[in-house]
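# Working through the structure, step by step
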There are 2 protein chains.
Amino acid sequence: MRISAETERQFLEAVFKAQRFSAKDGALLADTLVDADLRGISSHGIQRLAWYTRMIKDHTLEPTNQPKILNETPTSLLIDANQSMGQIASAFTMNKLIEKTKQLGVSLAVIRNSNHFGTAGYYSRMACKAGLIGISTTNTRPLVVPTNATEAFLGSNALAFTFPADPHPFVFDGATAVVSSGKIQVLAKKGAQIPGDWAVDEHRQVLHDAQTVEDNLAKIAFSENRPGGGVLTLGGQQEVNSNYKGFGNSLIIELLTGILAQGSLSADTNTGKHDFSQFFMTINPALFGDPEVLKANVTTMFDRIRHLKHLPGTKIMIPGDREYRHYDENLVQGVSIDPQTLTEMQQVGAEFGVAVPAALKA
Amino acid sequence: MRISAETERQFLEAVFKAQRFSAKDGALLADTLVDADLRGISSHGIQRLAWYTRMIKDHTLEPTNQPKILNETPTSLLIDANQSMGQIASAFTMNKLIEKTKQLGVSLAVIRNSNHFGTAGYYSRMACKAGLIGISTTNTRPLVVPTNATEAFLGSNALAFTFPADPHPFVFDGATAVVSSGKIQVLAKKGAQIPGDWAVDEHRQVLHDAQTVEDNLAKIAFSENRPGGGVLTLGGQQEVNSNYKGFGNSLIIELLTGILAQGSLSADTNTGKHDFSQFFMTINPALFGDPEVLKANVTTMFDRIRHLKHLPGTKIMIPGDREYRHYDENLVQGVSIDPQTLTEMQQVGAEFGVAVPAALKA
């Protein structure tokens, strides 16, 4: 079932208003979810609304709070998100970094006491629109089992990296783990099987039933007596395939977020304080060359890669290709809403006095 | 067969002197190779000497050249390595970045017209010794097949990231691909099989004979009519296991090195101009908190991870654990020299009038 992006946006803005977010913050939150749905990243779209709503109820999330600057230098910011949604502090921070980097060529920021911030790519794309290289990362709930471990500790720890290019920027945006938990949630909602080696049980045996995994991850992420198993690091189940590199990548994000922010580690967000930390950086490529020349060189490189010899029936895609194609298609055909998400929209809508879009009532 | 690190160092310094490197540059080059052998990273140790020597002969490498600063700002450097070894420009650059970051909290540099620089970790560990976070990357020869591709384009594109911790820093240091070509070379020299899914043929079928792969990679890396196949991206053979994330990681390094430097892409270093590019960054963690508190928090986190439940007969190791253990062991027992590397040492030694250490003649 599909609705137009504008219809989704209006519904979300009305809900967020009823939840006491300011008009500006509600518009930002709605934009991050609509943007994810347009890009086909439905794991980070409107399907998160029910979760956001639960967090307001249990006061994990305070809708009216605003971010505070704790420390500022010409190249850096330390921000307290003040327990509001991650999107609010993140967009605030990225706008400030863009200004700093226009002055000194590079700047970076750490946010503590934050929450889920949507897709990491949303903020690094803000840098890209200003002609800058953007980096955006977050830690998350505990989900990921280190190499050889049989219990979760790390978050899926997202990383986005953007670089100006034509016809669209390079946008690498995803969990450093094999997959984000959202991707498993989407399969579970569809009653589907997991097609690859994504998650393991307490003996590090690979599991394929998405609902089984999702039930286990929910316990791992939110309970004190954490069961074993979790999501694998990039590189999969076996050390011989260098899965310790995926472990290392995820640890780097944990160092830049939970550690630099002196917030909770991913491992400790399962109970009690549920604070995520974020790290952002912007770099001006003009430090090293004419931005237009660099952009043209990147564009040429990507075209060469897209045209390399490849397996019949497959395509070579540059990070971002898939999302920008979905974006253009979904602007025309509307964004997809699965039945369970519709049910959740109806529940949240009923609770906050916002009618579900007419197109979804048919 | 083993020799002491000091014996290895003396042999290397004598060879580099005979090859017309300055005493200072020769000592640096020797130190990077001895350091790699001590850490058990034999792929980047003295086994590279024969290759370095070939590059001097074909003028890919000019031993007496010195790096030049092309552009400098309070937060950045653009350096021309002037076709000498990567180590020389890289150490020069990292020392300057450390000074800049002490002033403004963050700085970054790009080197063009460079060459192999040893282990990436050598330079990021320099930052760590100064209490800073260090990042060090390079592109390389073309070796790595993008997701779905059947021919190589990317380099193995190394990334090192270091963060101060006790009893030793966090040192993530390795190829962004499943493995570096050096790791395959070491197995081939031993006549061994490849234990995992590391390399594929022109149909993306996994190959396991190290010598077959090494022969193929040598053609891919150095010939105009490149045969198919190459090393896999982290995540392996199948898109379903998110190997496009490994592809993305490798592309990020290519953007920061070959593209920002306006040097050759990895893909184009196989013939003609054989120039690598490097990217470095240093960050002062004091921008965000008391460095001693951050260090203590990191140390505690790593200890918790090392003690997670894990598979019987395995260990959970933090990046750096293995290398620092090898370092301590090899300082006592000496570094390991394989028979083929000994033969190469004898050839290079004979050519440049340097006697192979007596311990190796037995």
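Up top is the structure.
This section reports on the structure supplied with the text. The model shown is predicted, which means the values in this text are computed figures rather than measured ones. (Residues numbered from 1 in each chain as written. Chains lettered and ligands numbered in written order. Predicted model: local features only at pLDDT ≥ 70, side-chain atom pairs only at ≥ 80, totals over all residues. Heavy atoms only, no water.)

## Some words on the overall build of chain A
Scanning chain A for helices and strands turns up 11 helices and 12 strands. On C-alpha atoms alone, chain A measures out to a radius of gyration of 20 Å, which is about the 21 Å that the 2.2 N^0.38 rule sets for 362 residues. Judged by the C-alpha coordinates and their principal axes, chain A covers about 50 × 50 × 45 Å. For chain A, the proportion of its 362 residues judged to be buried stands at 64%. (Helix = DSSP H or I, 4+ residues; strand = E, 2+ residues; numbered from the N terminus. Rg over C-alpha atoms; globule rule 2.2 N^0.38 Å. Buried < 20%, exposed > 50% of the residue type's maximum accessible area, 1.4 Å probe, protein only.)

## Digging into the pairing of strand E7 (residues 170–175) of chain A
Residue and element names in this part refer to chain A. Counting buried positions along E7 yields 5 of 6 residues, so the element is predominantly enclosed. Two strands pair when backbone bridges link them, and strand E6 (residues 158–163) and E7 are joined in this way by 6 bridges, in the antiparallel orientation. Looking at the pairing, Phe 163 lines up with Phe 170 of E7. The turn linking E6 back onto E7 is made up of 6 residues. (Pairing = 2+ DSSP bridges.)

## Some remarks on the sheet that holds strand E10 (residues 230–231) of chain A
All names here are of chain A. Spatial strand order, E9-E8-E10: 3 strands in an open sheet with antiparallel pairing. Taken across any chain shown, the strands that pair with only one partner, and hence form the sheet edges, are strand E9 (206–207) and E10. Strand direction decides the pairing type here: strand E8 (residues 199–200) and E10, joined by 2 bridges, are antiparallel. Bridge pairing links Val 200 to Gly 230 in E10.

## Focus: helix H6 (residues 181–189) of chain B
Residue and element names in this part refer to chain B. Of all 9 residues that make up H6, 8 are buried, and the element is covered over most of its length. Buried within H6 are the following residues: Ser 181, Gly 182, Ile 184, Gln 185, Val 186, Leu 187, Ala 188 and Lys 189. In this structure, the buried residues of H6 make contact with helix H7 (210–222), strand E10 (230–231) and helix H11 (339–352). Gly 191 lies just past H6 and shows a positive phi near 70 degrees. (Contact = heavy atoms within 4.5 Å.)

## Topic: the side chain of Ser 242 of chain A
Examined against the element boundaries, Ser 242 of chain A turns out to sit in the loop between E10 and helix H8 (243–261). Looking at Ser 242 of chain A, the relative accessible area reads 1%, which means it is buried.

## What about the sheet that holds strand E9 (residues 206–207) of chain B?
Spatially, the 3 strands line up as an open sheet ordered E9-E8-E10 (chain B), and their pairing is antiparallel. The open sheet has two free edges, formed respectively by E9 and E10 of chain B, since each of these has just one partner strand.

## Quick word on the interface of chain B and chain A
Counting residues at the interface gives 85 residues for chain B, matched by 85 residues for chain A. The junction of chain B with chain A conceals about 7,000 Å² of combined surface from both sides, 70% of it contributed by carbon and sulfur atoms. Joining chain B to chain A, the criterion identifies 4 salt bridges. The partner of Arg 322 of chain A in a salt bridge is Glu 239 of chain B, and the shortest N-O contact between them spans 3.4 Å. For the pair chain B and chain A, the interface holds 30 residue pairs in polar contact (both at pLDDT 80 or more). Elements supplying a minimum of two residues to the side of chain B that touches chain A: strand E2 (68–73), strand E3 (76–80), strand E4 (106–114), strand E6 (158–163), strand E7 (170–175), helix H8 (243–261), strand E11 (276–283) and helix H9 (291–306) of chain B. (Buried area = accessible area lost by both parts, 1.4 Å probe. Salt bridge = Lys/Arg side-chain N within 4 Å of Asp/Glu carboxyl O. Polar contact = N/O pair within 3.5 Å; in protein donor to acceptor, adjacent residues only side chain to side chain.)

## As for the packing of helix H2 (residues 23–38) of chain A against helix H4 (residues 86–104) of chain A
When two helices pack together, their arrangement is given by the angle between their axes and by how far apart the axes lie. Residues and elements named next belong to chain A. In contact at an axis separation of 9 Å, H2 and H4 are set at 95 degrees when each is read in the N-to-C sense. Here H2 is positioned roughly perpendicular relative to H4, judged by the angle of their axes. The residues of H4 that touch H2, namely those facing Asp 25, Leu 28, Leu 29 and Thr 32, are Gln 87, Ile 88 and Ala 91. Split by residue class, the contact of H2 with H4 holds 4 nonpolar, 2 polar and 1 charged. (Axes fitted to C-alpha atoms, helices over the stretch in contact; angles between N-to-C directions. Parallel < 35°, antiparallel > 145°, perpendicular 65-115°, else oblique. Nonpolar A, V, L, I, M, F, W, Y, C, P; charged D, E, K, R; others polar.)

## Notes on the relation of the copies chain B and chain A
Both copies of the chain are related by a screw-like operation: a rotation about an axis and a shift along it. Overlaying chain B with chain A gives an RMSD of 0.0 Å, the required rotation being 180 degrees about an axis along which the chain moves by 0.0 Å. What the superposition gives is, in effect, a two-fold axis relating one chain to the other. Scanning chain B for the C-alpha nearest the rotation axis identifies Gly 235 of chain B, at a separation of 2.2 Å. When you check the interface residues of chain B against chain A, 100% turn up at the interface there too, and the contact is symmetric in its surfaces. (Least-squares fit on C-alpha atoms with pLDDT ≥ 70 in both.)

## Notes on the environment of Ile 135 of chain A
All names here are of chain A. Counting through the fold element by element, Ile 135 comes out in strand E5 (residues 133–138). Ile 135 sits 156 residues away from Pro 291 along the chain, and the two C-alpha atoms are 18 Å apart. Leaving out residues up to four positions away in the same chain, Ile 135 has contacts with Met 94, Ser 124, Leu 159, Ala 160, Phe 161, Phe 279, Phe 280 and Met 281.

## Some points on unusual backbone geometry
In the segment running from Asp 166 of chain A into Pro 167 of chain A, the intervening peptide bond is cis, with an omega of 0 degrees. Its place among the elements puts Pro 167 of chain A in the loop between E6 and E7. Phi is positive for His 59 of chain B, close to 60 degrees, though the residue is something other than glycine. Looking at the element boundaries, His 59 of chain B is found in the loop between helix H3 (49–57) and E2.

## Considerations on the pattern of salt bridges
When the charged atoms of two side chains lie near each other, side chains of opposite charge can form a pair. All names here are of chain A. Scanning the model with the defined rule gives 28 salt bridges over all chains in all. Between Glu 351 and Lys 57 there is a salt bridge, with the nearest N and O atoms lying 3.1 Å from each other. Remark: Lys 57 occurs in helix H3 (residues 49–57) and Glu 351 occurs in helix H11 (residues 339–352); sequence separation between them is 294 residues. When salt bridges that share partners are traced, they join Glu 6, Arg 9 and Asp 31 into one network.

## A closer look at the side chain of Arg 204 of chain A
The residue Arg 204 of chain A is located in the loop between E8 and E9 in this model. For the buried Arg 204 of chain A, which has no salt bridge, the nearest side chain bearing the opposite charge is Glu 239 of chain A, at an N-O separation of 8.2 Å. At 3.0 Å, the side chain of Arg 204 of chain A and the backbone oxygen of Pro 146 of chain A are in polar contact. Within the structure, Arg 204 of chain A has its side chain in polar contact with the backbone oxygen of Ala 149 of chain A (distance 2.9 Å). The residues touching Arg 204 of chain A, leaving out its near neighbours within four places in the chain, are Val 145, Pro 146, Thr 147, Asn 148, Ala 149, Thr 150, Leu 232, Gly 236, Gln 237 and Asn 243 of chain A together with Leu 311 of chain B. (Lys, Arg positive; Asp, Glu negative; His and termini not counted.)

## Observations concerning the packing of H3 of chain A against H11 of chain A
All names here are of chain A. Where H3 meets H11, the axes come as close as 9 Å, and the angle between the chain directions of the two elements is 40 degrees. Between H3 and H11, the angle falls in the class oblique. For H3 against H11, the interelement crossing comes out left-handed. Contacts from Leu 49, Ala 50, Thr 53 and Lys 57 in H3 reach Glu 344, Val 348, Glu 351 and Phe 352 in H11. Grouping the constituent residues of the contact of H3 with H11 by class yields 4 nonpolar, 1 polar and 3 charged. (Left-handed = near helix turned anticlockwise from the far one by under 90°.)

Everything listed here is a matter of coordinates, which is why it stays silent on function.
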